[in-house]
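The lines below spell out each chain.
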Amino acid sequence: SGPARDPPASGRLALVVEHMARGAGLEVAFGGVVSHVPGMEKGLAEQLKDAEKVRDIRPDLIFYSGGYVEGGSLLAELRAHGVQAPFLGGPGLSNPDLLKIAGPAAHGAYYLSTSPYPSLVPGTSSFVASYRAAAGTDPWAPTLLVYDGVNAMLAMLAQASAGGERPGREALSRGLAQGRYQGLGGLLTFDARGQQAGTRAYIYQIEGMAWPGKPVQ
C-alpha cells in the first residue's frame, strides 16, 4: 500500500543519502526534525537494516537520493516493515523499472525529474507517436528536453547563417544567450554562457503500477 498522506512541510524527515551534503538544502527547507540514514549502494541485508532504522525514526517524510534499483528494494522493505510515510526520491528514482523492483509498494511514492514526461505535456501527442513508432517505446523524461535543445541550436545556427555570419560555436553561444526558443516542452532561455536558464523540477506520484504516474508539480 502507498503512503497514507501527502508529504508534510514539517515534522520528522528521514534522509537516506550517500552524502550528507545531498540533503542540506532539503534539511533547511523542511523546517522539522531531520535524521540521517547514511550509506547507499548496499546489499539486501544492509537495506533491511536501513528500513529498520527509518522505521525507528517514525518519519513523516522519507527522502531518498539514490538510484532506482536500491530505492525500489528499500521502498519495498519500508512498506513491509509497516512504514507508510510518504516516500520522495530524487531523479535517480525516475525509471519505469522501479515498478518491477518495488512492486505494489511503489504505489503512492513520489519522485523528482529534471524534465517533464512527454506523454503528459499538452501538444506532444504527434511527437510521442513518432518516437514510439521509431523506438518501440514511449519517450523518457529527458527526451523532449533534448529534442527542443537540438532544435534550438539548429534555429540559432540558421539565424546566424542567414545574417551572413559563419555558423560556429561563438555564433551559437551568442544566439542562445540573446534568443528565446519555444519548444514542445515550453519556452527555452539561456544565459550568457549558453546554458539553459530558469530550469525547474517536476514531481510525479506513482498510481498503481502505471508509469510515469501523475504530475504533482
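Values in this document were obtained by computation on a predicted structure and should not be read as measured data.

## Here we look at the side chain of Ser113
Moving on, step 1. Note that Ser113 resides in strand 5 (residues 110–113).
Moving on, step 2. A polar side-chain atom of Ser113 sits 2.6 Å from the main-chain carbonyl oxygen of Ser115.
Moving on, step 3. Here Ser113 is in contact with Ser94, Ala141, Arg200, Ala201, Tyr202 and Tyr204, once residues within four sequence places are set aside.

## Notes on the sheet that holds strand 7 (residues 186–190)
Moving on, step 1. Taken together, three strands build an open sheet; the order of strands is 6-7-8 and the sheet is antiparallel. If you trace the sheet from one side to the other, it starts and ends with strand 6 (180–183) and strand 8 (196–197), each paired once.

## Some details on the confidence of the model for the protein chain
Moving on, step 1. Chain-level pLDDT for the protein chain is 81 on average; 81% of the residues reach the 70-or-more range.
Moving on, step 2. Counting contacts from residues 1–5, a segment whose pLDDT is below 50, to residues more than four positions away or on other chains yields 19 contacts.

## Remarks on helix 6 (residues 141–162)
Moving on, step 1. Here helix 6 is 22 residues long and its end C-alpha atoms lie 33 Å apart, about the 32 Å a rise of 1.5 Å per residue gives.
Moving on, step 2. What helix 6 keeps buried is the set Ala141, Thr143, Leu144, Asp148, Gly149, Ala152, Met156 and Ala160.
Moving on, step 3. On the buried face of helix 6, the contacting elements are strand 5, helix 5 (125–135), helix 7 (169–178), strand 6 and strand 7.
Moving on, step 4. After helix 6 finishes, the residue Gly164 shows a positive phi value of roughly 85 degrees.

## A closer look at the side chain of Ser115
Moving on, step 1. Examined against the element boundaries, Ser115 turns out to sit in the loop between strand 5 and helix 5.
Moving on, step 2. Owing to a relative accessible area of 2%, Ser115 belongs among the buried residues under this scheme.
Moving on, step 3. Setting aside its immediate chain neighbours within four residues, Ser115 contacts Ala141, Pro142, Leu145, Tyr202 and Tyr204.

## Notes on unusual backbone geometry
With glycine set apart, most residues show a phi of negative sign, and most peptide bonds adopt trans.
Moving on, step 1. Residue Trp211 is joined to Pro212 through a cis peptide bond whose omega torsion reads 15 degrees.
Moving on, step 2. Structurally, the position occupied by Pro212 is in strand 10 (residues 210–215).
Moving on, step 3. Of note in the backbone geometry, Arg58 takes a positive phi value of approximately 55 degrees without being a glycine.
Moving on, step 4. The topology assignment puts Arg58 in the loop between helix 2 (44–57) and strand 3 (61–64).

## What to know about the pattern of salt bridges
Moving on, step 1. Tallying each qualifying case throughout the model produces four salt bridges.
Moving on, step 2. Of the charged contacts in the structure, one is a salt bridge between Asp97 and Lys100, with a shortest N-O distance of 3.4 Å.
Moving on, step 3. You can call Asp97 partly exposed: its relative accessible area is 29%.
Moving on, step 4. Given the relative accessible area of 70%, Lys100 is considered exposed.
Moving on, step 5. Here Glu207 and Lys214 are joined by a salt bridge, their closest N and O atoms 3.7 Å apart.
Moving on, step 6. Judged by relative accessible area, Lys214 falls into the partly exposed class, the value being 35%.

## Description of the pairing of strand 6
Moving on, step 1. Across four bridges, strand 6 lies against strand 7 in antiparallel orientation. Following the sheet pairing, Gln182 is matched in strand 7 by Leu187.
Moving on, step 2. Between strand 6 and the antiparallel strand that follows it, strand 7, lie two residues.

## Some words on the packing of aromatic side chains
Moving on, step 1. If you walk through the whole model with that rule in mind, you get seven aromatic pairs.
Moving on, step 2. Ring centres of Tyr111 and Tyr204 lie 5.6 Å apart, and the angle between their planes is 25 degrees; on these two criteria the pair is classed as stacked. One end of the pair, Tyr111, is in strand 5; the other, Tyr204, is in strand 9 (residues 202–207), with 93 residues separating them in the sequence. Both residues of the pair, Tyr111 and Tyr204, count as buried.
Moving on, step 3. Put simply, the rings of Tyr111, Tyr117, Tyr204 and Trp211 touch in pairs and so form one group of aromatic residues.

## Details of the packing of helix 6 against helix 7
Moving on, step 1. Two elements in contact, helix 6 and helix 7, have axes whose closest approach is 9 Å; the angle formed by their N-to-C orientations is 110 degrees. Between helix 6 and helix 7, the angle falls in the class roughly perpendicular. Contacts from Ala152, Met153, Met156, Leu157 and Ala160 in helix 6 reach Ala171, Leu172, Gly175 and Leu176 in helix 7.
Moving on, step 2. Class assignment of the residues belonging to the contact of helix 6 with helix 7 gives a composition of eight nonpolar, one polar and no charged.

What counts and what doesn't
Note that residues are indexed from 1 along each chain, following the sequence as it is written. Only residues with pLDDT of 70 or above have their local features reported here, since the model is predicted, and side-chain atom pairs are shown and tallied only from 80 upward, although totals for entire chains, interfaces and linings are computed over all residues. Hydrogens and water molecules were not included; the side-chain quantities draw on all heavy atoms of the structure. Secondary structure elements follow DSSP: runs of H or I of four or more residues count as helices, runs of E of two or more count as strands, with numbering from the N terminus. Each polar contact in these results corresponds to two N or O atoms within 3.5 Å; when the atoms are within protein, one needs to be able to donate a hydrogen and the other to accept it, and residues that are neighboring in sequence are counted only if both atoms are side-chain atoms. Only heavy atoms enter the contact rule, under which two residues are in contact if any of them lie within 4.5 Å. When DSSP finds two or more bridges between two strands, those strands count as paired. pLDDT runs from 0 to 100 and stands for how confident the predictor is about each residue. What a helix should span is 1.5 Å times the count of its residues minus one. Between buried and exposed lies partly exposed: a residue is buried under 20% and exposed over 50% of the maximum accessible area for its type, with that area taken using a 1.4 Å probe on protein chains only. The rule for a salt bridge is simple: a side-chain nitrogen of Lys or Arg has to be within 4 Å of a carboxyl oxygen of Asp or Glu. Side-chain rings of Phe, Tyr and Trp, where Trp is taken by its six-membered ring, are said to pair if the distance between their centres is within 6.5 Å; with planes under 30 degrees apart they count as stacked, over 60 as edge-to-face, and otherwise as tilted. Every axis corresponds to a line fitted to the C-alpha atoms, with the helix fit spanning only the stretch in contact, and the corresponding angles, defined between N-to-C directions, vary from 0 to 180 degrees. Here roughly perpendicular refers to angles of 65 to 115 degrees, roughly parallel to angles under 35, roughly antiparallel to angles over 145, and oblique to all remaining angles. In this classification, Asp, Glu, Lys and Arg are treated as charged, Ala, Val, Leu, Ile, Met, Phe, Trp, Tyr, Cys and Pro as nonpolar, and every other residue, Gly included, as polar.

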